[in-house]
Amino acid sequence: MAIALAASCVINIVLLVVGRGSFGQIIAMIFALGLAVISVGIGFLTYLVARLAVEAPALRRFARRAVILGLVAGSSLVSLPIGSLVNGYDMGQAKSFCDRLRPALKRHRQATGRYPETVSKVTTRDQLPWLLRGEHFYFSSSDGYSFLIRHQWGMLDGVASDSSSAGWREFD
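Because the structure is a prediction, the values reported are computed rather than measured.

**Some words on the pairing of strand β4 (residues 165-171)**
Point 1. Sheet analysis places strand β3 (residues 158-162) next to β4, joined by four bridges and oriented antiparallel. In the strand pairing of β4, A160 is matched with R169.
Point 2. The turn linking β3 back onto β4 is made up of two residues.

What follows is the structure, given as structure tokens:
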């Protein structure tokens with residue numbers, strides 16, 4: 001049972017660290033729940049067959065292991081609400097970072113007459129929050145700029161802001 005508990009903890013930690021409340025984590029959860037239902041169902045049916053047999057210790061062990069596998073897989077549900085909180089934190093960090101870039105973008109425009117083509121002119125990749133790494137989130141034109149941050153738990157939705165307003169708006 002200690003191995004099952006350890007496996008459950010490892011699965012939840014991996015889903016949190018890798019998934020972070022993303023759409024991929026939701027897909028992984030669907031597969032885990034499917035595995036849980038199938039394993040518990042097979043374990044229950046095997047247990048019923050083993051009860052009918054007088055000497056079937058191997059079947060009983062198999063039934064117990066199938067149910068434990070199902071419970072471990074089903075325990076991954078714990079990671080989803082926590083992953084959602086992590087995703088909210090990541091989104092807050094990304095928005096805050098973009099808001100802190102605004103003065104540097106304005107200074108760059110005052111010095112050169114236009115907004116920078118990339119944020120690398122005003123910040124380094126090391127400073128990017130996790131959610132923005134590897135993402136194209138900044139867009140500039142001759143008269144303005146915009147930030148576009150996709151939600152990790154959705155497909156095509158997120159938040160946006162531009163140089164004409166300091167606020168953020170949801171899009172989908």
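Right, picking up where we left off after that structure.
**Notes on the side chain of T46**
Point 1. Along the chain, T46 falls in helix α2 (residues 23-52).
Point 2. Using a relative accessible area of 12% as the deciding quantity, one classes T46 as buried.
Point 3. Side-chain polar atoms of T46 contact the backbone oxygen of I42, separated by 2.7 Å.
Point 4. Aside from chain neighbours lying at most four places away, what touches T46 is L59, F62 and A63.

**Some words on helix α1 (residues 2-19)**
Point 1. Between its terminal C-alpha atoms α1 stretches 25 Å, which fits the 26 Å expected from 18 residues at 1.5 Å a residue.
Point 2. Residues A4, S8, N12, L15, L16 and G19 constitute the buried set of α1. End-on view of α1: buried residues confined to an arc of 105°, all on one side of the axis. Opposite the packed face of α1, turned more than 90 degrees from it, sit the exposed residues A2, I3, V10, I13, V17 and V18.
Point 3. Buried residues along α1 sit in contact with α2, α3 (57-74) and α4 (79-112).

Parameters at a glance
- Residues numbered from 1 in each chain as written.
- Predicted model: local features only at pLDDT ≥ 70, side-chain atom pairs only at ≥ 80, totals over all residues.
- Heavy atoms only, no water.
- Pairing = 2+ DSSP bridges.
- Helix = DSSP H or I, 4+ residues; strand = E, 2+ residues; numbered from the N terminus.
- Buried < 20%, exposed > 50% of the residue type's maximum accessible area, 1.4 Å probe, protein only.
- Polar contact = N/O pair within 3.5 Å; in protein donor to acceptor, adjacent residues only side chain to side chain.
- Contact = heavy atoms within 4.5 Å.
- Expected span 1.5 Å × (residues − 1).
- Arc of directions from axis to C-beta.

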